[in-house]
Amino acid sequence: MTDITWTLCDHGYTDIVYDKAEGIARVTINRPEVRNAFRPLTVQEMLHAFTDARDDAEIGVVILRGAGDLAFCSGGDQRVRGEGGYVGDDGVPRLNVLDLQRLIRTLPKPVIASVAGYAIGGGHVLHLICDLTIAADNARFGQTGPKVGSFDGGYGASYMARIVGQKKAREIWFLCRQYDATQALEMGLVNTVVPLAELEAETVKWAREMLANSPTALRFLKAALNADCDGQAGLQELAGSATLLFYLSEEGKEGKQAFLEKRPPDFKKFKRFP
Ligand SMILES: CC(C)(COP(=O)(O)OP(=O)(O)OC[C@H]1O[C@@H](n2cnc3c(N)ncnc32)[C@H](O)[C@@H]1OP(=O)(O)O)[C@@H](O)C(=O)NCCC(=O)NCCSC(=O)c1cc(O)c2ccccc2c1O
């Protein structure tokens, strides 16, 4: 049992459940009948919920999980895979999970994947993208792409290799094996493994610990760790956070104020640190 009371955020979602408590937002993929595989609508709803969590100043940590104990997420829903992507009600083929990956990656708050059961295919990449992964002892991890005629050569390949190393990443992709929670822990794919019954409590514990720390420090650390891997997009993210901080400073405000008051800015009063 977990000593936390979640409040449902009802946005009319059908494929996910979104709730909040104590500064934590929780996104649950709710399609257990297909091991929480995502279709375009699922991803659209997740994009909406993650955007809400990003923009809500009261939220400091986001949890991503799957409904039930059998799966975190089994990737793209193969039943709606058409030509050129996964097809929604509008008939348009999409790979919109890539938009979701970028949103989770750049969300300026820690995102925890709470994994029970299978994290497979595109579902495996989703847990990889999250900042931290807490796995239940029944969790199983793996890629299936080369078996089912797909691959994720973006974060799914390069970021995975950053985490587990080049040899292991090639093994995971080329052989499409499944790995249990202990093996995942050994290769650094997950941060910790707990008994299934303790998964929610442990996930909330980690979230609470981070909530007690400086949100700005966490924001910059996430952006800095991303920038190490993400090239110019990573630098943009890091620099955007720096600009935000600068806007909050007296020096930044002086520039704006001087413009509005139609006078030259007075930057002489600001120190130059070594
Ligand atoms: C996940 C499993 C290992 C679970 O096995 P288990 O034996 O526990 O359960 P079943 O196999 O019997 O499944 C129960 C039930 O769920 C259906 N189901 C499971 N997964 C999916 C799925 N992904 N899509 C549709 N349906 C699914 C299954 O058919 C059963 O239904 P019944 O009606 O028969 O009861 C195992 O299920 C499994 O291996 N699943 C497939 C995993 C997979 O291959 N996923 C897709 C990989 S490709 C991908 O995800 C992907 C998505 C993207 O959007 C990308 C975008 C850009 C680049 C790459 C992308 C990408 O690779």
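Residues numbered from 1 in each chain as written. Predicted model: local features only at pLDDT ≥ 70, side-chain atom pairs only at ≥ 80, totals over all residues. Heavy atoms only, no water.

## A short note on the UniProt feature "site: Important for catalysis" (unreviewed entry) in the protein
- Per the UniProt annotation, the sites labelled "site: Important for catalysis" (unreviewed entry) are Tyr-86 and Tyr-247. Across 162 residues, the annotated set is spatially dispersed, with a maximum C-alpha separation of 41.4 Å. Lining residues of the largest pocket drawn from the annotated list: Tyr-86.
- Judged by relative accessible area, which is 12%, Tyr-86 ranks as buried.
- Every residue in contact with Tyr-86, bar those within four places of it in the chain, is listed here: Pro-40, Gly-76, Asp-77, Gln-78, Val-80, Arg-81, Val-92, Pro-93, Arg-94 and Leu-95.
- Of note is the side chain of Tyr-86, whose polar atom sits 3.0 Å from the side chain of Gln-78.
- Looking at where Tyr-247 falls in the secondary structure, it is placed in helix α9 (residues 215-248). (UniProt positions renumbered as here; feature names shortened; annotations may be inferred. 1 Å grid on protein atoms, 1.4 Å probe; cavity = no way out; pocket = protein on both sides within 12 Å on 5 of 7 lines; lining within 4 Å. Buried < 20%, exposed > 50% of the residue type's maximum accessible area, 1.4 Å probe, protein only. Contact = heavy atoms within 4.5 Å. Polar contact = N/O pair within 3.5 Å; in protein donor to acceptor, adjacent residues only side chain to side chain. Helix = DSSP H or I, 4+ residues; strand = E, 2+ residues; numbered from the N terminus.)

## Focus on the pattern of salt bridges
- What the rule picks out here adds up to 22 salt bridges.
- Linking Arg-263 and Glu-254 is a salt bridge whose minimum nitrogen-to-oxygen distance equals 2.7 Å.
- Look at Arg-263 and you get partly exposed, because its relative accessible area is 29%.
- The residue Glu-261 makes a salt bridge to Arg-263 at a minimum N-O spacing of 2.6 Å.
- For Glu-261, a relative accessible area of 43% translates into the label partly exposed.
- One salt-bridge network, in which partners are shared between bridges, spans Asp-15, Arg-31, Arg-39, Asp-77 and Arg-79. (Salt bridge = Lys/Arg side-chain N within 4 Å of Asp/Glu carboxyl O.)

## A short note on the environment of His-127
- Relative to the assigned elements, His-127 resides in helix α3 (residues 122-129).
- The exposure class of His-127 is buried, given its relative accessible area of 1%.
- If sequence neighbours within four positions are ignored, His-127 has contacts with Phe-72, Ala-113, Val-115, Ala-119, Thr-133, Phe-141, Leu-189 and Val-190.
- For His-127, the side chain forms a polar contact with the side chain of Thr-133, separated by 2.8 Å.

## Description of the sheet that holds strand β13 (residues 179-180)
- Sheet architecture is open: four strands sit in the order β5-β10-β12-β13, paired in mixed fashion. Each of the sheet's edge strands pairs with one partner strand only, and the pair in question is β5 (71-73) and β13.
- Both strand β12 (residues 140-142) and β13 contribute to a ladder of two bridges, which runs antiparallel. Within β13, the residue paired with Phe-141 across the bridge is Tyr-179.
- Set on the sheet, α3 makes contact with β5, β10 (118-120) and β12; between it and β10 the angle comes to about 95°. (Pairing = 2+ DSSP bridges. Axes fitted to C-alpha atoms, helices over the stretch in contact; angles between N-to-C directions.)

## Observations regarding the packing of helix α1 (residues 40-55) against helix α2 (residues 97-106)
- Orientation of α1 relative to α2, taken along the N-to-C sense of each, is 15°, at an axis distance of 9 Å. In this view, α1 runs roughly parallel relative to α2, as classed from their interaxial angle. Here α1 runs over α2; the crossing is left-handed. Contact with α1, carried on its side by Val-43, Met-46, Leu-47, Phe-50, Thr-51 and Arg-54, involves Val-97, Asp-99, Leu-100, Leu-103 and Ile-104 of α2 and no other residues of that element. (Parallel < 35°, antiparallel > 145°, perpendicular 65-115°, else oblique. Left-handed = near helix turned anticlockwise from the far one by under 90°.)

## Things to note about the layout of surface pockets
- Quantified by volume, the largest pocket comes out at close to 650 Å³.
- Gly-76, Gln-78, Tyr-86, Gly-122 and Ser-150 are, among the 33 residues lining the largest pocket, the residues nearest its centre.
- Secondary-structure elements contributing two or more residues to the lining of the largest pocket are β6 (81-82), β7 (85-87), α2, β10, α3 and α4 (145-148).
- Here the lining of the largest pocket gets three residues from one element, more than from any other, and that element is α2.
- Looking at the lining of the largest pocket, its residues break down into eleven nonpolar, 18 polar and four charged. (Points joined across faces, edges and corners; volume = space filled by probe spheres on them. Nonpolar A, V, L, I, M, F, W, Y, C, P; charged D, E, K, R; others polar.)

## Overview of the packing of aromatic side chains
- Considering all chains together, one arrives at two aromatic pairs under this definition.
- A centroid spacing of 6.4 Å and a plane angle of 50° characterise the contact between Phe-267 and Phe-270, whose relative ring orientation is tilted.
- Its relative accessible area of 17% is what places Phe-270 among the buried residues.
- Geometry around Trp-6 places Arg-26 over its ring, the cationic atom sitting 4.1 Å from the centre. (Phe/Tyr/Trp six-rings, centres within 6.5 Å; stacked < 30°, edge-to-face > 60°. Lys NZ or Arg CZ within 6 Å of the ring centre and 35° of its normal.)

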